[in-house]
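# Residue-level structure breakdown
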Amino acid sequence: MQTISQNPKSKIQNQTDLPKPLAKVVAEYYIAPGTAIAYTVKAGQYIQIIDIEGCQCSDLLAFAGGGHQELDSTVTRTLNGSVLPQPGLHRKYFSQQMQPLFEVVQDTCGRHDSFALACHDLYYEDAGYPGHPSCSQNFNRVLAPHGIAPRPGWPAVNFFFNTTVTSQGEIIAGESWSRPGDYVLLRASCDLLCASSACPDDIDPSNGWQLTPIQVRIYEADAAFAWAIGRRTSAEAPMRLTRQSAFTQRIRSLTDNLVEYNGFWLPNSFANYGDQAEYWALRERAALMDLSALRKFEIDGPEAGALLQFAFSRNVAKLAVGQSAYGCLLSPHGSIIDDGIVFQLGDTAYRYVGNCDTDGNWLERVAQQQQFQAVIKPSSDDYHNLAIQGPLCRDILRPLVEFDAGYNLTSIDQLGYFWFATGTVASIPVLISRTGYTGELGYELFVHPSLGTALWDTLIAAGEAVGLLPLGMLALDRARIEAGLLSPGHEFDDLISPYQAGIGWTVAMKKPDFVGKAALEQIKTHPPRVAIGLVLEGNEVAASGQYIYPVGERWRVGTVTSATFSPILNRSIAMAQVVPEYATPGTELTVGFVDGKKRRVRATVGPLAAYDPNKSRVRG
Amino acid sequence: MTTADQLFIALSGYQLWDFAGVNGLQCAQDLAGDAVTKLAPFQSLETQVAEARCGILRLCEGNFRLGLQGGSEGFERLLQQAQVKARVWASRSDRMRAIAIPEAAGLELLPQLATTKPPHRLIGLQANCAVPARIDHRSVLIWQHPLLGQPAFELQVAVENMEHVKAKLSNSRTL
């Protein structure tokens, strides 16, 4: 019988189409489309599972102790407290005996499945495809020679299989997120018998309706790989692995609790200290934090100022050289593309510091559309930055800082709020900016990465006498919520206007024209929601996404965007966005806890910044 | 060098108390003052509660453990008062016991015997800090803080594992 396949044969016909090995390969396996293989790895060896052409799932089984221990996704999810292990602190896959079998070292896809079985005969039979090959049957076949008894369905980790659990508890599967060359790199924690598949499912979108091969490479245990997660910041951007900042080496010596944030490894908290201890160092003394994950762009040219005047919400024309302004990049429909700070470095030279790699692309596009003579150059790799914040930070910096001539500054005391200057800290060249993200007096120091370690060491040593501590993300989040400072993804995104996010004051509406002006004129009169601060009754801490209701009513008027317990106020506080009719200070509302119905906690509307709403500390 | 018998600090009358709940921090404040608000999880301070010396260890946002040196009557009275206005449970621990060894012995023995899981670190553990660990597969909370006026490591162990952990420490000391 002649069969006509609508699926073209694999494009990978020879090894030259494969991504380059990451290290010296000790074994390599090609898994033909729709098949599976079994292979062994020694403790410490690395397993790279490559989706050669993209959109192809590869299920993995692992056995240790002669088959007595096997991968257990329920144990893995429970011990990690997450749906999937990821490179970093929660990176291990466990057996049913709670022993680590392997860990994720690198992952360039980020979407896999840990809930479903490897595809099995019953799935295909129920869908009307009796006799269709399945990963589970393929596994049975390749594991039989190793003495592993067959099963109708194998609980595997299903790499590149795109599933998610909805709020209703459904497990939804869809087309794989993986692109050609995406891979997971695993490290065996013990000697393992593994089985990997190139999934034969062509009856749904999981593999893009087209079966392709998988490549498995084994690297020796002495190969050195950094933990990293691959991210793409836009559809066309290349995948980039998690980076270390100029300060990460020093930070790693002080903590193992690092998380991936915006493409960098950043500390959550520090050993021997922790969230509250670091927070109090910030509020009472001084704290040092790594803000290198911010993205920097140099904007130069005769119309650099005009470009920013058009794309950025603030009136940039009012800035002087050495001055900076907080605001946002706007979309044509009046939403926030990103928030950030514009620094005026010279008459025709500016720096934009924001959160996204794509900010530069957007500025370039606006420049082209409006025919502004301006060149945008990413400079994130040239400047890493520390923030030193807290009431005593100026005292720490005072003896260390010398400003360059031309700024007319002889002391750090003369550097005003939202002003900056170049100079040195203990002879290390820096740009010092009187800015921060904590609600305290503070400075940010931009330094070339090659001098980052020296700057970190200098500041830690100088601050020791007054009790300066390094500060992690947990304490920073607590502080920024108290100070009413926005976090991307919580308080704003590209569907939220500055008026909703609580930074309407950054929109210079008197400018003759700027991106989004027409839309913002409409939104300003009655934003769909406005930002407020809430002080809750009692000590329970609200959570992002919880709904807000009028007292005694069933209908919602808003949502909590961020919440914390404020140690300095000794109150549970939240940032929220509510319909304008319920935003008047003093209004009593309720926050829905548990399922939103079981318990409502009263809360009083106040300023967005519960702590120091007049900003006297940052200006002090 | 001390012998195995001399290894352990006698903790007669020492009591472990736990309390936790939505108002756990406020309850701790009532008992030990505002300084407790500055503790992060696994940090502790030494204080006096109702004339009894005690160490107070924060375990989570609203979870605390007290190591009481001396009678507990006054403490229990204060705790009851604090509980009246707070959503917390409190109980004297009957599931675990404390073993204590002098700081020098701990610095020698614990790095050899105890393992921790990241992000917890035993090496470099500072005074008034604790770390969950395992000794010979048994769960132990290692807490470095002063006991009976001397720097010490307190090891909190499930009752059924106490003799095993003590033996492990003793045997390691005499080897």
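The model shown is predicted, which means the values in this text are computed figures rather than measured ones. (Residues numbered from 1 in each chain as written. Chains lettered and ligands numbered in written order. Predicted model: local features only at pLDDT ≥ 70, side-chain atom pairs only at ≥ 80, totals over all residues.)

For chain A, the helix and strand inventory stands at 13 helices and 35 strands. For a compact globule of 620 residues, the expected C-alpha radius of gyration is about 25 Å, and chain A comes in at 27 Å, within 12% of that figure. If you line up chain A on its principal axes, its C-alpha atoms span 85 × 60 × 55 Å. For chain A, buried positions account for 49% of its 620 residues. (Helix = DSSP H or I, 4+ residues; strand = E, 2+ residues; numbered from the N terminus. Rg over C-alpha atoms; globule rule 2.2 N^0.38 Å. Buried ≥ 20, exposed ≤ 12 C-beta atoms within 10 Å, placed from the backbone.)

Take the overall build of chain B next. When helices and strands are counted, chain B shows 5 helices and 10 strands. For a compact globule of 175 residues, the expected C-alpha radius of gyration is about 16 Å, and chain B comes in at 16 Å, within 12% of that figure. If you line up chain B on its principal axes, its C-alpha atoms span 55 × 35 × 25 Å. Counting only residues that meet the buried cut, chain B has 35% of its 175 residues in that class. Within chain B, residue pairs in contact and separated by at least 24 positions form 60% of the contacts whose partners lie at least 6 positions apart. (Contact = placed C-beta atoms within 7 Å.)

Here we come to the sheet that holds strand E28 (residues 442–447) of chain A. Residues and elements named next belong to chain A. Pairing is mixed across the open sheet formed by 7 strands, whose spatial order is E25-E26-E27-E28-E24-E18-E29. Two strands bound the open sheet, and with one partner strand each, they are strand E25 (401–403) and strand E29 (469–470). Alignment of strand E18 (residues 287–290) against strand E24 (residues 384–389), held across 4 bridges, turns out to be antiparallel. Counterpart to Met289 in the pairing with E24 is Ala387. (Pairing = 2+ DSSP bridges.)

So, on to the confidence of the model for chain B. Residues at a pLDDT of 70 or more form 96% of chain B, whose mean pLDDT is 92. In the model output, the complex is listed with pTM 0.93 alongside ipTM 0.90. (pLDDT = per-residue confidence, 0-100.)

On the side of chain A, 17 residues touch chain B, which itself brings 19 residues to the contact. A per-class count over the side of chain B that touches chain A returns 10 nonpolar, 6 polar and 3 charged. (Nonpolar A, V, L, I, M, F, W, Y, C, P; charged D, E, K, R; others polar.)

With that settled, the discussion passes to the nonpolar core. Counting 167 residues, the largest nonpolar core has Ile299(A), Leu307(A), Leu386(A), Ile388(A), Leu445(A) and Ile142(B) as the members making the most contacts within it. Ranked by residues supplied to this core, first place goes to helix H10 (residues 473–482) of chain A with 6 residues. Residues in contact with Leu386(A), not counting those within four places in the same chain, are Phe247(A), Leu288(A), Met289(A), Asp290(A), Leu291(A), Leu445(A), Leu455(A), Trp456(A) and Leu459(A). Judged by nonpolar contacts, the second largest core, of 56 residues, contains Leu71(A), Leu117(A), Tyr123(A) and Phe160(A). (Core = buried A, V, L, I, M, F, W, Y, C linked by C-beta atoms within 7 Å.)

All names here are of chain B. The pairing of strand E2 (residues 44–49) with strand E3 (residues 52–60) spans 6 bridges and is classified as antiparallel. Within the sheet, the bridge partner assigned to Glu46 lies in E3 and is Gly55. Here E2 folds back onto E3, and the loop between the two strands holds 2 residues, one of which, Ala50, carries a positive phi near 50°.

What follows concerns the sheet that holds strand E33 (residues 571–578) of chain A. Within a sheet, neighbouring strands are paired by backbone hydrogen bonds and run either parallel or antiparallel to one another. All names here are of chain A. Sheet architecture is closed into a barrel: 6 strands sit in the order E30-E33-E32-E31-E34-E35, paired in antiparallel fashion. Averaged over neighbouring strand pairs, the angle between their axes works out to 45° when direction is ignored. Across 2 bridges, strand E31 (residues 547–550) lies against strand E32 (residues 558–566) in antiparallel orientation. Paired with Tyr547 across the strands is Thr559, a residue of E32. Contacts between H10 and the sheet are confined to E32 and E33, with E32 contributing the most and set at about 115° to the helix. (Axes fitted to C-alpha atoms, helices over the stretch in contact; angles between N-to-C directions.)

Let us look at the pairing of strand E8 (residues 129–135) of chain B. Residue and element names in this part refer to chain B. With 5 of 7 residues buried, E8 is to be regarded as a mostly interior element. Here E8 runs beside strand E9 (residues 138–147); their pairing, made up of 7 bridges, is antiparallel. Its bridge partner being in E9, Ala130 is matched across the sheet by Trp143.

Within helix H5 (residues 275–284) of chain A, 9 of the 10 residues are buried, which leaves the element mostly enclosed by the surrounding structure. Taken residue by residue, H5(A) has Asp275(A), Gln276(A), Ala277(A), Glu278(A), Tyr279(A), Trp280(A), Ala281(A), Leu282(A) and Arg283(A) as its buried positions.

The next subject is the packing of H5(A) against H10(A). All names here are of chain A. Closest axis-to-axis distance for the H5/H10 pair is 8 Å, and the angle between their directions is 55°. The angle between the axes of H5 and H10 places the two elements in the oblique class. The hand of the H5/H10 crossing is right-handed. In this structure, H5 uses Asp275, Glu278, Tyr279 and Leu282 to contact H10, whose residues at the interface are Leu474, Ala475, Arg478 and Ala479. Taken together, the residues of the contact of H5 with H10 break down into 5 nonpolar, no polar and 3 charged. (Parallel < 35°, antiparallel > 145°, perpendicular 65-115°, else oblique. Left-handed = near helix turned anticlockwise from the far one by under 90°.)

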